[in-house]
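Structural features, examined
Each chain is listed here by its residues.
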Amino acid sequence: MNERDVGAIVASTQAYYDGPADEIYRTIWGDNLHLGVPCSPDCPHPDAMEHTNEIMANAVSLTPEMRVLDLGCGYGSTARYLAANFGCAVTGANISEKELELARSRAAEAGLDDRLSFEYGDFHHLAYGDESYDVVWSQEAFLHAVDKNAVLSECRRVVRPGGSLVFTDILVRRSTPEADRERIYDRVQSPDMWDLDDYLQALSRLELPVAREEDWSQHVARSYAWVRDRLRENRETLAPRIGYETIDRTVDALSFWVDSANAGNIGWALFVVTKPV
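Described below are features of the structure shown in this document. Since the structure is predicted, the reported quantities are computational estimates derived from the model, not experimental observations.

Some words on helix α10 (residues 235–242)
Every buried residue belonging to α10 is among Leu238, Ala239 and Ile242, and all of these are buried. An end-on view of α10 places all buried positions within 120° of arc, on one side of the element. Facing away from the buried surface of α10 by more than 90 degrees, the exposed residues are Glu236 and Pro240. Residues of α10 that are buried make contact with α2 (20–29), α9 (220–233) and α11 (244–262). Just downstream of α10, Gly243 is the residue with a positive phi angle, here 90°.

Here it is in structure tokens:
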């Protein structure tokens, strides 16, 4: 795709997150907008999301001296978690102005704005110098990329030698029927979603050795079923702000994602990569 295509998809994604999705996410998900790895069989989803952060943070051995770049930082919940628990400085990059506004406000409320900064950033073209971060971090954001190879290349460029790229992403299996694939993409306005092997091959081409890879697909249906059920519970609260039609359409789309995950068409994986010295 050319730069015009990239710009169009970025604008579409920004409109998605700054539109009705913002009301849904704030009301349903809260500040943490991610899937969750349960800490126990009866682990509530908010705790499962925190558990995911713990797993990822422990995978890269964070210290207070480290600089972290969080791509697709959402409302800044993960950045606050990293700064509060590990003392590191975190730059959160995002294309949603509404999410960035709340992220800055939350950082100030938590007394962490001296270690956190949030700014507009398109991960196709990062405005940061070569080898300027110790860790590049992302959770379920690369699915929105038009050119995922370019995004991974940018991650490689800005992380220092010996530093880490740690990310999760939602996957669509290669065997997924095209009609189902289009419905999956439509909910999140994604131009293309990769399978696990697509990421492994791309990282290999960039000479980025994968230190750790985990398939977390078994947790996808559980995560989105929780979101769907919470949206149903909050239907009357949200209706004056976004309308019944938007709510019902989103519930249907989430139900299709749950069914697709149970059918093995939607997955989720963790990748931990170390840049060679």
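Text resumes after the structure shown.
Some thoughts on the sheet that holds strand β4 (residues 133–139)
Judged by pairing direction, the sheet is mixed, and its seven strands sit side by side in the order β3-β2-β1-β4-β5-β7-β6 without closing on themselves. The sheet is open, and its two borders are formed by β3 (116–120) and β6 (210–215), each paired with just one other strand. Ignoring which end each strand starts from, the neighbouring axes of this sheet average 15° apart. Of the strands in this sheet, β1 (67–71), β2 (89–94), β3 and β4 are in contact with helix α4 (residues 77–86), which crosses β3 at around 155°.

Some words on the pairing of strand β7 (residues 266–274)
Counted residue by residue, β7 has eight buried out of nine residues, so it is predominantly covered. As defined by bridge partners, strand β5 (residues 159–172) adjoins β7 across nine bridges and the pair is classed as antiparallel. Following the sheet pairing, Val172 is matched in β7 by Ile266. As defined by bridge partners, β6 adjoins β7 across five bridges and the pair is classed as antiparallel. Bridge assignment links Glu213 to a residue of β7, and that residue is Phe271.

Things to note about the state of the cysteines
Counted under the stated rule, the structure contains one disulfide. Residue pairing for Cys39: its cysteine sulfur links by disulfide to Cys43, the two sulfurs lying 2.5 Å apart. Measuring handedness by torsion sign, the sulfur bridge of Cys39 and Cys43 sits at about 75° and is right-handed. Of the cysteine sulfurs around Cys73, a residue in no disulfide, the closest is that of Cys155, at 14 Å. Classification of Cys155 by relative accessible area gives buried; the value is 1%.

Details of the layout of surface pockets
Taken as a whole, the largest pocket holds about 410 Å³ of empty space. Around the largest pocket, the lining is made up of 18 residues, and of these Tyr16, Asp186, Arg187, Arg249 and Thr250 lie nearest the centre. Ranked by residues supplied to the lining of the largest pocket, first place goes to α11 with seven residues. Its residues assigned to classes, the lining of the largest pocket comprises eleven nonpolar, three polar and four charged.

The rules behind the values
Residues numbered from 1 in each chain as written. Predicted model: local features only at pLDDT ≥ 70, side-chain atom pairs only at ≥ 80, totals over all residues. Heavy atoms only, no water. Buried < 20%, exposed > 50% of the residue type's maximum accessible area, 1.4 Å probe, protein only. Helix = DSSP H or I, 4+ residues; strand = E, 2+ residues; numbered from the N terminus. Arc of directions from axis to C-beta. Contact = heavy atoms within 4.5 Å. Pairing = 2+ DSSP bridges. Axes fitted to C-alpha atoms, helices over the stretch in contact; angles between N-to-C directions. Disulfide = S-S within 2.5 Å. 1 Å grid on protein atoms, 1.4 Å probe; cavity = no way out; pocket = protein on both sides within 12 Å on 5 of 7 lines; lining within 4 Å. Points joined across faces, edges and corners; volume = space filled by probe spheres on them. Nonpolar A, V, L, I, M, F, W, Y, C, P; charged D, E, K, R; others polar.

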